[in-house]
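# Analysis of the macromolecular model
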Amino acid sequence: MDMATVNRMQKKKLRSLRVLPHLAASFLLLSACSSDSGEATTLTTIAETTTTTEPLVTADSVLSAAGAALAEVESLHFSITHEGAAVFIDADDIVAFDKADGRFQAPGSADALVGVTAGSLTTEIGAVAIDGDVWITNPLTNKWEVAPDAFRFDPARLFSRDVGLSVLLTDGLSDAVLESPEPDGQGRFHISAAVDPEQVATLTSGLVKDVANLEIWIDAETSLLTETQFVVDTSDGATSWVLLLSDYGSEVSIVAPELG
């Protein structure tokens, strides 16, 4: 046997040795795929389990995020409008609440211009609430005075981090339903829910205490509450309410007014 033939045989042997590992790997893969023990299904299952998917949006997850976001807010603008049966802000049931337009500054300050009706007279009074103290303007003199104990409107309570809207969104609602899995044309999620009777006073700053169903709109990008609507049935008839929130993070400074 000449030297050239020997070299050709050695090269052929080397090529065979190189191919063997690949053949072995292919054989093992084919065995796994064709095994009666279900290995193919297992491999597929493992592959599927490594694929991550985004969790579905739920009413509870949107509400929880909104409650957490509102608890961190430093300032905002709010407006409250009311229609229907009269709701009074005084113990003598003389002055009825119509609307309020105001601002909130964390942790416990708010001011507002409050529209009221007394008999045939419709007017506006100022209100400032700071850490539980409330001042109002006298509708006759337009001067500031300490609100009487019977005055039942405290706008700061609405945003209290202990009992206010953030707590309501997190733990004060039941039977919450996400009306659509996608945001509406304004980029908001719409949720319907039943509200705990103990929490209705929060939504009306202490003016109404009864059972209500709540319609809620929450910004899908920021998780900030933008609007709520609800109707409360009272002994005098139904009262409907709309709360709008805006201007989150705007510059707000609320101080106690000068009396007299």
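To start, this report covers the structure provided alongside it. (Residues numbered from 1 in each chain as written. Predicted model: local features only at pLDDT ≥ 70, side-chain atom pairs only at ≥ 80, totals over all residues. Heavy atoms only, no water.)

## A short note on the packing of aromatic side chains
Using the criterion set out here, one finds five aromatic pairs in the structure. Ring centres of phenylalanine 97 and phenylalanine 153 lie 5.4 Å apart, and the angle between their planes is 35 degrees; on these two criteria the pair is classed as tilted. Placement of the pair is phenylalanine 97 in strand 2 (residues 95-105) and phenylalanine 153 in the loop between strand 6 (144-146) and helix 4 (165-171), with a sequence separation of 56 residues. We classify phenylalanine 97 as buried; its relative accessible area is 1%. (Phe/Tyr/Trp six-rings, centres within 6.5 Å; stacked < 30°, edge-to-face > 60°. Helix = DSSP H or I, 4+ residues; strand = E, 2+ residues; numbered from the N terminus. Buried < 20%, exposed > 50% of the residue type's maximum accessible area, 1.4 Å probe, protein only.)

## Brief notes about the pattern of salt bridges
The tally for this structure, following the rule as stated, stands at four salt bridges. Between arginine 161 and glutamate 74 there is a salt bridge, with the nearest N and O atoms lying 3.7 Å from each other. Placement of arginine 161 in the loop between strand 6 and helix 4 and of glutamate 74 in the loop between helix 3 (59-71) and strand 1 (75-84) is noted, with a sequence separation of 87 residues between them. Judged by its relative accessible area of 35%, arginine 161 falls in the partly exposed class. Where arginine 188 meets glutamate 227, a salt bridge forms, and the shortest distance between an N and an O atom there is 3.2 Å. Here arginine 188 is found in strand 8 (residues 188-195), whereas its partner glutamate 227 is found in strand 10 (residues 225-234), with 39 residues between them in sequence. (Salt bridge = Lys/Arg side-chain N within 4 Å of Asp/Glu carboxyl O.)

## Re the environment of valine 128
Assignment of secondary structure puts valine 128 in strand 4 (residues 121-130). Sequence separation between valine 128 and isoleucine 254 is 126 residues, and the spatial gap between their C-alpha atoms is 8.0 Å. Excluding its chain neighbours within four sequence positions, the residues that come into contact with valine 128 are Ala110, Asp111, Asp133, Val134, Trp135, Trp144, Ile254, Val255 and Pro257. (Contact = heavy atoms within 4.5 Å.)

## Describing the pairing of strand 1
Both strand 1 and strand 2 contribute to a ladder of seven bridges, which runs antiparallel. Its bridge partner being in strand 2, phenylalanine 78 is matched across the sheet by glycine 102. As defined by bridge partners, strand 1 adjoins strand 11 (residues 237-246) across eight bridges and the pair is classed as antiparallel. Paired with serine 79 across the strands is leucine 244, a residue of strand 11. (Pairing = 2+ DSSP bridges.)

## Comments concerning the nonpolar core
When a protein is soluble and globular, its nonpolar side chains tend to lie buried together. Grouped together as the largest cluster of nonpolar side chains are 53 residues, with contacts concentrated most on Ile80, Phe97, Val114, Phe153, Leu165, Leu173 and Ile216. Considering every element that reaches this core, the biggest residue donor is helix 3, with six residues. Among residues more than four places away in sequence, those in contact with isoleucine 216 are Leu63, Leu169, Leu173, Phe189, His190, Ile191, Leu225, Glu227 and Thr228. Val128, Ile130, Trp135 and Ile254 belong to the second largest nonpolar core, which has five residues in total. (Core = buried A, V, L, I, M, F, W, Y, C linked by side-chain atoms within 4.5 Å.)

## Some points on the sheet that holds strand 11
Pairing in this open sheet of eleven strands is antiparallel, and the strands run 6-5-4-3-2-1-11-10-9-8-7 from one edge to the other. The open sheet is flanked by strand 6 and strand 7 (173-178), the only strands paired with a single partner. Within the sheet, the average angular offset between the axes of one strand and its neighbour, ignoring direction, is 20 degrees. In this structure, strand 9 (residues 212-219) lies alongside strand 10, joined through seven bridges in antiparallel fashion. The residue bridging alanine 212 from the neighbouring strand is valine 232, located in strand 10. The strands touched by helix 3 within the sheet are strand 1, strand 7, strand 8 and strand 9, with strand 7 carrying the most contacts at an inclination of about 115 degrees. (Axes fitted to C-alpha atoms, helices over the stretch in contact; angles between N-to-C directions.)

## Some details on helix 3
Residues three or four positions apart in an α-helix share a direction because the helix packs 3.6 residues into each turn. Helix length check: helix 3 (13 residues) gives 18 Å between terminal C-alpha atoms against 18 Å at 1.5 Å per residue, within 8%. Residues of helix 3 that are buried include every one of Ala59, Val62, Leu63, Ala66, Gly67, Ala69 and Leu70, and no others. Projection of helix 3 onto a plane perpendicular to its axis shows the buried side chains occupying an angular sector of 165 degrees, all on one side. Looking at the packing, one finds that the buried side of helix 3 touches strand 1, helix 4, strand 7, strand 8 and strand 9. (Expected span 1.5 Å × (residues − 1). Arc of directions from axis to C-beta.)

## Topic: unusual backbone geometry
Following alanine 106, the chain continues to proline 107 via a peptide bond in cis, the omega torsion being 5 degrees. By the element assignment, proline 107 lies in the loop between strand 2 and strand 3 (109-118). With a phi close to 50 degrees, aspartate 131 is a non-glycine residue in the positive phi region. As for its placement among the helices and strands, aspartate 131 is situated in the loop between strand 4 and strand 5 (133-137). Unlike most non-glycine residues, aspartate 175 shows phi in positive territory, near 50 degrees. Note on placement: aspartate 175 falls in strand 7.

Spatial relationships are all this shows, so hold off on functional conclusions.
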